[in-house]
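So the chains spell out like this:
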Amino acid sequence: YSRAVLASLPELKFCPDIIHCHDWQAALIPVFLKEFYENNPFYQHTRTIMTIHNQKFQGRWRMDDIENCRDLPADCRYKAMEAYKETNFLKAGILYADRVTTVSETYAEEIKVPEGGEGLDGVMQEVSGKLSGIVNGIDYGEYNSLKDPMLAAPFGLRNITQKKKNKEALQKELGLKQDNNAMLIGMVSRLTEQK
């Protein structure tokens, strides 16, 4: 996937200033950009940001299983990509990215110590000069429950009872039993023990 992203951009004639990579799934983009495209004029001004949402998930594999990385230099495969005798995509992305961000300043500090570093605390200390935390948040102008045209009924603190109409509309849209007493939870998250 990471190779396809970089190979497709010149074909699409789209040269990004920044490629923002989230977690281990996109962590090889900074690696491939520097190892395979560093001298390519198309990418001369492209930089990468690696955002860590949860350092527990690192994209760890047995060294022998990574056949598609064999053309990377040995010092990359066995230094930047290696952690505890496994291939570690997140570690490689962290080391190769131009900037590294996390979901908060607090988390940026937590992952620099053994208790929160998930085995990469030393790496995080090494890259602390390019590491920063950015607080997750929403744009209250765009996501305003008083003005959102996507809601069945706008609501706010002064008319919170209108929220029930939105629940009812969602139950109807999803084909659920329309019941004011039923609990309805919406969540965007991984279904893991930690969450």
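Cut-off values and rules
Residues numbered from 1 in each chain as written. Predicted model: local features only at pLDDT ≥ 70, side-chain atom pairs only at ≥ 80, totals over all residues. Heavy atoms only, no water. pLDDT = per-residue confidence, 0-100. Helix = DSSP H or I, 4+ residues; strand = E, 2+ residues; numbered from the N terminus. Pairing = 2+ DSSP bridges. Contact = heavy atoms within 4.5 Å. Axes fitted to C-alpha atoms, helices over the stretch in contact; angles between N-to-C directions. Buried < 20%, exposed > 50% of the residue type's maximum accessible area, 1.4 Å probe, protein only. Right-handed = clockwise from strand over helix to strand, strands pointing away. Disulfide = S-S within 2.5 Å. Phe/Tyr/Trp six-rings, centres within 6.5 Å; stacked < 30°, edge-to-face > 60°. Lys NZ or Arg CZ within 6 Å of the ring centre and 35° of its normal.

Here the focus is the confidence of the model for the chain. Any region with low pLDDT has predicted coordinates that should not be read closely. Averaged over all residues, the pLDDT of the chain is 91; the fraction at 70 or higher stands at 98%. Considering each helix and strand of the chain separately, the mean pLDDT is smallest for helix 3 (residues 74-80), with a value of 79, and largest for strand 2 (residues 47-52), with 98.

Spatially, the three strands line up as an open sheet ordered 3-5-4, and their pairing is antiparallel. Across the chains shown, the open sheet's two edge strands, defined by having one partner strand only, are strand 3 (60-62) and strand 4 (82-83). By the bridge criterion, two bridges tie strand 4 to strand 5 (residues 86-88) in an arrangement that is antiparallel. Looking across to strand 5, one finds that Ala83 is bridged to Glu86. Each of strand 3, strand 4 and strand 5 is contacted by helix 4 (residues 89-96), which is oriented at about 50° to strand 5, the strand it contacts most.

Attention now moves to the pairing of strand 1 (residues 18-22). Burial along strand 1 is one-sided: the residues Ile19 and Cys21 are buried and none of Ile18, His20 and His22 is. As paired elements, strand 1 and strand 2 share five bridges and run parallel to each other. Considered in strand 2, the bridge of Ile18 is made with Arg47. Of the crossover connections in this fold, the one passing from strand 1 over helix 2 (residues 28-36) to the parallel strand 2 is right-handed.

As a further point, take the state of the cysteines. Within this structure, the stated rule accounts for zero disulfides. For the unlinked cysteine Cys21, the closest cysteine sulfur is that of Cys15, found at 14 Å.

Aromatic ring pairs are described here by two measures, namely the spacing of the ring centres and the angle between the planes. Using the criterion set out here, one finds six aromatic pairs in the structure. Judged by centre distance (5.1 Å) and plane angle (65°), the rings of Tyr37 and Tyr43 are edge-to-face. This pair shows no difference in class: Tyr37 is buried, exactly as Tyr43 is. One aromatic cluster is present, built from ring pairs that chain together Trp24, Trp61 and Phe89. Across from the ring centre of Phe32, 4.6 Å away, lies the NZ or CZ of Arg3, which sits over that ring.

Here we take up the sheet that holds strand 2. Pairing within the open sheet is parallel, and its four strands lie in the order 1-2-6-7. In this open sheet, the two edge strands, each paired with only one partner strand, are strand 1 and strand 7 (131-133). Here the average twist between neighbouring strands, direction ignored, is 25°. Of the pairings in the sheet, the one linking strand 2 to strand 6 (residues 99-102) comprises four bridges and is parallel in character. Across the sheet, the residue bridging to Met50 is Val100, located in strand 6. Helix 4 rests against strand 2 and strand 6 of the sheet, and its axis sits at about 135° to strand 2.

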